Amino acid sequence: MMMRIELLDAESNVLSLIDTTDPATELEFYGPQIGAVSWREWQSPAPTIDELKLAKWNQIKGRRDREDAGPVEYKGKLFDFDDKAREKIRTAREALETAAELGQPVESFEWTCADNSTTQMTLYDFKMIPLLVAIRSDANHQKARQLRAAIDAASTPEDLVLVSWEPLPEPEPEGGEA
């Protein structure tokens, strides 16, 4: 297995970093050339609090974006709202608006829901779904902003663990039930 090692001098100063599968052979080969007398496995430095905050924020943004793109519930049904579905909903809404403007008798379309069931959708319905998505998105962005404030306020890695999209479970009472 490949590992990264540090070759060390007699005072444990790092002389070189090497990726290897055989540390003893590397020490035997390079040791005399550079004055190395021992080796140890390289330990990657712990991430800084700023690096941890950035990673946590990216995690929160990813969750927010997944929540925004997920199906939306309307009239007891789930409707897809990914890029393709948004375009189809927009097109259907525009078609029904055009039909009304032209005095055509088209008042609804049979629409396939996220679970592959179907339902009749009117112009009103095609306007409601994006409205519900916008309301949901606003709530998701408000939540993300609150979590961003908690991330910015965190001063330790332990503080960042407590920042979560989902509420953390309540701790179990110690010593069992009373």
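Basis of the calculations
Residues numbered from 1 in each chain as written. Predicted model: local features only at pLDDT ≥ 70, side-chain atom pairs only at ≥ 80, totals over all residues. Heavy atoms only, no water. Helix = DSSP H or I, 4+ residues; strand = E, 2+ residues; numbered from the N terminus. Rg over C-alpha atoms; globule rule 2.2 N^0.38 Å. Buried < 20%, exposed > 50% of the residue type's maximum accessible area, 1.4 Å probe, protein only. Contact = heavy atoms within 4.5 Å. Areas by Shrake-Rupley, 256 points an atom, 1.4 Å probe, with all protein chains shown as cover. Lys, Arg positive; Asp, Glu negative; His and termini not counted. Charge placed at Lys NZ, Arg CZ, Asp CG, Glu CD. Core = buried A, V, L, I, M, F, W, Y, C linked by side-chain atoms within 4.5 Å. Pairing = 2+ DSSP bridges. Polar contact = N/O pair within 3.5 Å; in protein donor to acceptor, adjacent residues only side chain to side chain. Phe/Tyr/Trp six-rings, centres within 6.5 Å; stacked < 30°, edge-to-face > 60°. Lys NZ or Arg CZ within 6 Å of the ring centre and 35° of its normal.

1. A few points about the overall build of the protein
Secondary structure summary: the protein contains five helices and seven strands in total. Since a compact globule built from 178 residues should have a radius of gyration of about 16 Å, the 29 Å found for the protein marks it as more spread out than a globular shape. With the principal axes as the frame, the protein shows a C-alpha extent of 90 × 55 × 30 Å. Counting the 178 residues in the protein, one finds 26% classified as buried. Considering only contacts in the protein between residues 6 or more positions apart, those separated by 24 or more positions represent 53%. Surface summary for the protein: the accessible area is close to 12,200 Å², and the carbon and sulfur share equals 54%. Each charge sign in the protein was given a centre, from 20 positive and 34 negative side chains, and these centres are 9 Å apart.

2. A short note on the nonpolar core
Counting residues in each nonpolar core, the largest one holds 14 residues, and the members touching the most others are Phe79, Ile89, Trp111, Met121, Phe126 and Ile129. Looking at this core, the elements with two or more residues in it are strand S4 (72–74), helix H3 (83–101) and helix H4 (123–153). Sorting elements by how many residues they give to this core places H4 first, with four residues. Excluding residues that lie within four positions of it along the chain, Ile89 makes contacts with Asp80, Phe81, Trp111, Phe126, Ile129 and Pro130. Judged by nonpolar contacts, the second largest core, of nine residues, contains Ile151, Ala154, Val163 and Trp165.

3. Some points on the pairing of strand S1 (residues 3–8)
Across the six residues that make up S1, a large majority, five, are buried. Relative to strand S2 (residues 14–20), S1 runs antiparallel, the two sharing six bridges. When the sheet's bridge partners are listed, Ile5 is paired in S2 with Ile18. Alignment of S1 against strand S3 (residues 38–41), held across four bridges, turns out to be antiparallel. By the bridge assignment, Leu8 is partnered in S3 with Ser38.

4. As for the environment of Thr20
By the element assignment, Thr20 lies in strand S2. A residue is classified by how much of its surface remains accessible, and Thr20, at 4% relative accessible area, is buried. Taking C-alpha positions, Thr20 is 11 Å from Trp42, a pair spaced 22 residues apart along the chain. Among the polar contacts listed, one links the side chain of Thr20 to the backbone nitrogen of Asp22, at a separation of 2.9 Å. Polar contacts involving the side chain of Thr20 include one to the side chain of Glu26, which spans 3.1 Å.

5. Examining the packing of aromatic side chains
Counted according to the given criterion, the structure contains four aromatic pairs. Ring geometry for Phe29 and Tyr30: centres 4.8 Å apart, planes at 85°, overall edge-to-face. For Tyr30, a relative accessible area of 31% translates into the label partly exposed. Taking 6.2 Å as the distance between ring centres and 55° as the angle between the ring planes, the aromatic pair formed by Tyr74 and Phe79 counts as tilted. Judged by relative accessible area, which is 8%, Tyr74 ranks as buried. For Phe79, a relative accessible area of 1% translates into the label buried. Feature note: the residues Phe109, Trp111 and Phe126 constitute an aromatic cluster, connected by ring pairs. A cation over an aromatic ring shows up here: Arg4 above the ring of Trp42, its NZ or CZ 5.4 Å from the ring centre. Sitting above the plane of the Trp57 ring, Arg148 keeps its charged end 4.6 Å from the centroid.

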